[in-house]
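# Fold and geometry: a report
Each chain, letter by letter, is given below.
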Amino acid sequence: MAGNVNNDGCSVLVISPLKSIISDQISYLQSINNTAVEMSNKTFVDIVRSPPQFIYATADQVIDQKFMKEIKSMTSILHHSIVAVVMDESHTVETWGAKRAVSESDKHELQSALEELQNTLTKNPDRSAFGTTFSQGFSSELISDVIQYSNRIFSLEDILTHTPVFNLHHAIQIFEITAEMFDDIDEYHLTNNAPNLENLGFSYTCIDELLNVDYDSSNVETLPDPDL
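Rules of the game
Residues numbered from 1 in each chain as written. Predicted model: local features only at pLDDT ≥ 70, side-chain atom pairs only at ≥ 80, totals over all residues. Heavy atoms only, no water. Salt bridge = Lys/Arg side-chain N within 4 Å of Asp/Glu carboxyl O. Helix = DSSP H or I, 4+ residues; strand = E, 2+ residues; numbered from the N terminus. Buried < 20%, exposed > 50% of the residue type's maximum accessible area, 1.4 Å probe, protein only. Pairing = 2+ DSSP bridges. Axes fitted to C-alpha atoms, helices over the stretch in contact; angles between N-to-C directions.

Taking an unreviewed UniProt entry as the reference, the protein chain is identified by name as DEAD/DEAH-box helicase domain-containing protein belonging to Paramuricea clavata.

This is how it looks when you write it as structure tokens:
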């Protein structure tokens with residue numbers, strides 16, 4: 001569908017919760033010759049003056065007063081350019097209501113703690129049939145997203161639902177770090193940090209057992225070479 005959008009003054013506003021998702025989708029759209037830009041303080045003026053085919057923004061950026069003013073103004077180029085609004089992972093917008101103030105110092109401290117955890121996991125990786133990287137699964141993108149939404153993480157469920165974490169143990173470790181750092185987590189979530197994972201599509205065993213199962217190559221059947 002993306003390739004069919006003509007650069008004739010029509011723009012699509014895509015609201016997405018995660019920076020990593022935005023970055024990946026923009027890279028893809030640009031690779032097939034579409035103009036796609038992420039909303040930021042640096043790109044705001046250019047977007048308003050000459051809207052690209054795809055405008056990516058988080059929910060917080062969309063409800064910013066400056067952006068809303070441009071969207072609503074009948075004299076705005078942006079107002080007349082946007083022909084569609086796409087909500088990616090829209091459940092996150094309604095679910096995340098509570099917020100905390102997170103300073104740049106807090107973000108730096110949180111990043112250091114998460115990177116320390118990442119380094120520990122890297123030095124002591126689980127052996128998996130999918131390889132060390134897949135087994136570890138604690139990426140820089142995950143750290144970036146946790147920091148981005150650190151003002152809205154108040155439970156383990158928040159982490160599992162709204163960040164690209166694929167290992168339950170990692171999610172628990174992240175939750176413990178944020179709880180200790182901000183010291184404002186409700187006692188209920190501290191003592192009951194295991195949400196109903198079935199409702200989230202998670203299983204305590206299916207993912208982690210798959211990720212951390214020991215890999216024994218002796219049990220793998222060798223397939224015949226098709227060229228022989």
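## Quick word on the pattern of salt bridges
Applying the stated criterion to the full structure yields two salt bridges. In this structure, Lys 19 and Glu 38 form a salt bridge, with 2.7 Å as the shortest nitrogen-oxygen distance. Residue Lys 19 is found in helix α1 (residues 19-31), and its partner Glu 38 is found in strand β2 (residues 36-38); the two are separated by 19 residues along the sequence. Residue classification places Lys 19 among the partly exposed positions, given a relative accessible area of 28%. Two residues, Glu 104 and Lys 107, come together in a salt bridge whose shortest N-O distance is 3.7 Å. In this pair, Glu 104 and Lys 107 are both assigned in helix α7 (residues 104-123), three residues apart and thus about one turn of the helix distant.

## As for the environment of Glu 141
With respect to the helices, strands and loops of the structure, Glu 141 is situated in helix α9 (residues 140-148). What makes Glu 141 partly exposed here is its relative accessible area of 44%. C-alpha separation for the pair Glu 141 and Thr 163, spaced 22 residues apart in sequence, amounts to 9.3 Å.

## Section: the sheet that holds strand β1 (residues 11-15)
If you trace the four strands from one edge of the open sheet to the other, you get β2-β3-β1-β4, paired in parallel fashion. With partners counted over all chains shown, the strands left at the sheet margins are β2 and β4 (82-87), one partner each. Direction aside, the axes of adjacent strands within the sheet are offset by 20° on average. Bridge analysis of β2 against strand β3 (residues 54-57) gives three bridges, and the strand direction is parallel. Following the sheet pairing, Glu 38 is matched in β3 by Tyr 56.

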